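# Commentary on secondary and tertiary structure
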Amino acid sequence: MTTLMILALGLLAIGVIGLMAVQYLTGRNDLLSIRNYFLLGFIVFQLTSAIFPLATGEYGQYPLSNLAGTSVKYVIWAVVFLVVMFWAYKHGFGVKRLARMTPAPSAPPGSAGLLLLAFAFTVLAIPMRLAVAIPLISSLSNHVGVGLAAVACGLLGWVWGPRLMNPVMLFPALPILAVNAANVVTGSFGRRALVAIGAGLIWGMYFSRWRYLKPWGVMWRLAAVAAVPALVIVLFTSARSSKEHERSALQHLQAIEQVGNIKSGLQMILDGQGTATTSMWLMENFPKSFEYNHMFMLRYFFYYPVPRTLWPDKPTPLSGQIANLAHRRHVDRDKLTIGPGILGHAAADGGWYALIVYAIVMGLLLRYFDEIIMLNSTNALAVMPIGCTLGQVLGLARGETSAFAFILVFTVVSVYIIMMATAAILRMSGLTKPGEGGLGWPEEDEDDHVSEDGMHDGYTLRPIEAV
């Protein structure tokens, strides 16, 4: 039975990847979208993450008493979650209209203006992350700072994408990327902010140019550009230390030089941090050993920003309860947080009905952001904020999902408002007008470019409603 479930999980992961590929190749969905980033996270943290323990029989601190039954239930839950999520995403109940009602920044300036904005946001992101010391405000400011740093890299990508082989672009690229990367890793243990920087650059390149190319033209560019950020994240992962959460950028670099290892970093990433094991353990123990905390993940989304200084009895999220529930030894149970996985959240928050509700909510959330992109796909000032926190999107499937979802929504909304204000200031001041300020460097003129009507050799970019 275990072997069969391993096969089922592998086929499910391949099926999700295949669905994304088919929808992209047939023009029914962008290759890079908020939905697809979530699905990549789901594959890593809930599908392939389950294959490792099932294949090895090693479950760490979360042993299962009924391996066969729990693994079957887990696979069924994963299938149901994905089916319901895709259904909600496709129909977009209410959120399609909400996206159409969402105002967009005025048309962005030309290439030179976008580069100037990239430098400006790079500078602004530093104090937003590191210089705001006001209690209750600093943590929110930190999220906005990361978002602005990612947007700066995204705007760089928007300009760089159409002229990828132009060596002159290295002059603005190196300082923008280096400063923003150093900024977001300073005093940080998690990888999500660093992912936001690399993913933001690729996000900008894709929407400025790559989405209009033949699939092969997109693939080789994506592989070439993503290689460096991916390597940095792998090395950063291998050199992290749970005992040192406040390293400076220089200390992170020194740690990578001393103990960075590509193989170990890849293993740490691909095993999904054991998230699926935790999810299955929660499925076995709720409600058998512990009572349901109904719809807690949804409720904690609203609880999350409230500081404990104002609410001393604020409930502890599921990720902070697991160490105590499992009676972990030789760890600080009050500080250790464990990713329960989106399926684990549902298991602890009500079971089957929670699974359905969470899948619907997730599908609608992802559709709303993707709908805004589809409506404003040529507007850099509208597209970049939506992709300013892709590390959080990847982490939604791992959990604490409510915390990641709040950070995602808060950061995107805050940066989007900043973009709206920036566009208004530029328009009122007359400093920049749409289409002006070009760099004067020609864009690449290659055979794999899609014509203005979105068609090339039968490849058509269609509205998302066709999904």
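Small disclaimer: the values here were computed from a predicted structure and weren't measured. (Residues numbered from 1 in each chain as written. Predicted model: local features only at pLDDT ≥ 70, side-chain atom pairs only at ≥ 80, totals over all residues. Heavy atoms only, no water.)

## Details of the overall build of the chain
Across its full length, the chain carries 19 helices and 2 strands. Expressed as a percentage of the 467 residues in the chain, the buried residues total 52%. Across the chain, contacts joining residues at least 24 apart in sequence account for 80% of those joining residues at least 6 apart. In the structure as shown, the chain presents an accessible area of about 20400 Å², 66% of it carried by carbon and sulfur atoms. (Helix = DSSP H or I, 4+ residues; strand = E, 2+ residues; numbered from the N terminus. Buried < 20%, exposed > 50% of the residue type's maximum accessible area, 1.4 Å probe, protein only. Contact = heavy atoms within 4.5 Å. Areas by Shrake-Rupley, 256 points an atom, 1.4 Å probe, with all protein chains shown as cover.)

## Thoughts on helix α10 (residues 249-259)
Turning to α10, its buried residues are H252, A255 and I256. Seen along its axis, α10 keeps its buried residues to an arc of 100°; they face one direction. Projecting away from the buried face of α10 at angles above 90 degrees are the exposed residues L250, E257 and Q258. If you follow the buried residues of α10, they end up packed against α7 (170-185) and α9 (215-239). (Arc of directions from axis to C-beta.)

## Structural notes on the side chain of T237
Residue placement: T237 occurs in helix α9. Given a relative accessible area of 2%, T237 falls into the buried group. One polar contact links the side chain of T237 to the main-chain carbonyl oxygen of I233, over a distance of 2.8 Å. In this structure, T237 is in contact with R191, G265, M268 and I269, ignoring residues within four places of it in sequence. (Polar contact = N/O pair within 3.5 Å; in protein donor to acceptor, adjacent residues only side chain to side chain.)

## Describing the pattern of salt bridges
For the structure shown, the criterion picks out 2 salt bridges. The partner of D30 in a salt bridge is R211, and the shortest N-O contact between them spans 3.0 Å. Placement of the pair is D30 in the loop between α1 (2-25) and α2 (34-56) and R211 in the loop between α8 (192-208) and α9, with a sequence separation of 181 residues. Side by side, D30 and R211 carry an identical accessibility label, which is buried. Between E371 and R367 there is a salt bridge; the shortest N-O distance is 2.9 Å. Residue E371 and its partner R367 are both found in helix α16 (residues 352-375); the two are separated by 4 residues, about one turn of the helix. (Salt bridge = Lys/Arg side-chain N within 4 Å of Asp/Glu carboxyl O.)

## With respect to a nonpolar patch on the surface
A contiguous nonpolar patch, built from M1, L4, L7, L11 and I14 and spanning about 530 Å² of accessible area, is present on the exposed surface. Residue position: L7 is located in helix α1. (Patch = residues over 30% accessible without salt bridge, like charges linked within 9 Å, V, L, I, M, F, W, Y side chains within 5 Å.)

## Brief notes about the packing of α1 against helix α3 (residues 67-91)
The geometry of α1 relative to α3 is characterised by a closest axis approach of 9 Å and an angle of 15° between their N-to-C directions. It follows from the interaxial angle that α1 and α3 lie roughly parallel. At the point where α1 passes α3, the crossing takes the left-handed sense. Between α1, through T2, M5, A8, L9, L12, V16 and L19, and α3, the contact on the second element is made entirely by L67, S71, V72, Y74, V75, A78, V79, L82 and F86. Across the contact of α1 with α3, the residue classes tally to 14 nonpolar, 2 polar and no charged. (Axes fitted to C-alpha atoms, helices over the stretch in contact; angles between N-to-C directions. Parallel < 35°, antiparallel > 145°, perpendicular 65-115°, else oblique. Left-handed = near helix turned anticlockwise from the far one by under 90°. Nonpolar A, V, L, I, M, F, W, Y, C, P; charged D, E, K, R; others polar.)

## Brief notes about the packing of helix α5 (residues 111-130) against helix α6 (residues 138-160)
Relative orientation of the contacting elements α5 and α6 amounts to 160°, with a least axis distance of 8 Å. Regarding the angle of α5 to α6, the classification is roughly antiparallel. Here α5 runs over α6; the crossing is left-handed. Considered class by class, the residues forming the contact of α5 with α6 number 18 nonpolar, 5 polar and 1 charged.

## Remarks on the confidence of the model for the chain
Residue-level pLDDT values for the chain average 88, and 90% of them are 70 or greater. Here strand β1 (residues 455-456) stands out as the least confident element of the chain, with mean pLDDT 39; α16 is the most confident, with 98. Scored below 50 in pLDDT, residues 451-460 shows 19 contacts in the model against residues more than four places distant or in partner chains. (pLDDT = per-residue confidence, 0-100.)

## Some details on α7
In a regular helix each residue adds 1.5 Å, so 16 residues correspond to 22 Å; α7 covers 22 Å between its end C-alpha atoms and thus fits that length. The secondary structure elements touched by the buried residues of α7 are α5, α6, α8, α9 and α10. Downstream of α7 by one or two residues, G187 has phi in the positive range, about 70°. (Expected span 1.5 Å × (residues − 1).)

## Some details on the packing of aromatic side chains
Inspection of the entire model under this criterion finds 21 aromatic pairs. Aromatic pair F42 and F81: ring centres 5.5 Å apart, planes at 5°, arrangement stacked. Residue F42 is found in helix α2, and its partner F81 is found in helix α3; the two are separated by 39 residues along the sequence. On the basis of relative accessible area, F42 is assigned to the buried category, the value being 1%. Judged by centre distance (5.5 Å) and plane angle (50°), the ring pair of Y304 and F406 falls under tilted. One end of the pair, Y304, is in the loop between α13 (296-303) and α14 (318-325); the other, F406, is in helix α19 (residues 401-429), with 102 residues separating them in the sequence. A network of ring pairs unites the aromatic residues F296, Y300, F301, F302, Y303, Y304, W311, F406 and F410 as a single cluster. (Phe/Tyr/Trp six-rings, centres within 6.5 Å; stacked < 30°, edge-to-face > 60°.)

## Notes on unusual backbone geometry
Look at the link from F286 to P287: it is a cis peptide, with omega at 0°. Mapped onto the secondary structure, P287 falls in the loop between α12 (275-285) and α13. Residue G399 is joined to E400 through a cis peptide bond whose omega torsion reads 10°. Among the secondary structure elements, E400 is positioned in the loop between α18 (390-395) and α19. We note that M295 has phi near 55°; this positive angle belongs to a residue other than glycine. Mapping M295 onto the fold places it in the loop between α12 and α13. You will see that H327, though not glycine, has its phi angle at about 55°, which is positive. When you line up the elements, H327 lands in the loop between α14 and α15 (341-348). Look at H327 and you get exposed, because its relative accessible area is 56%.

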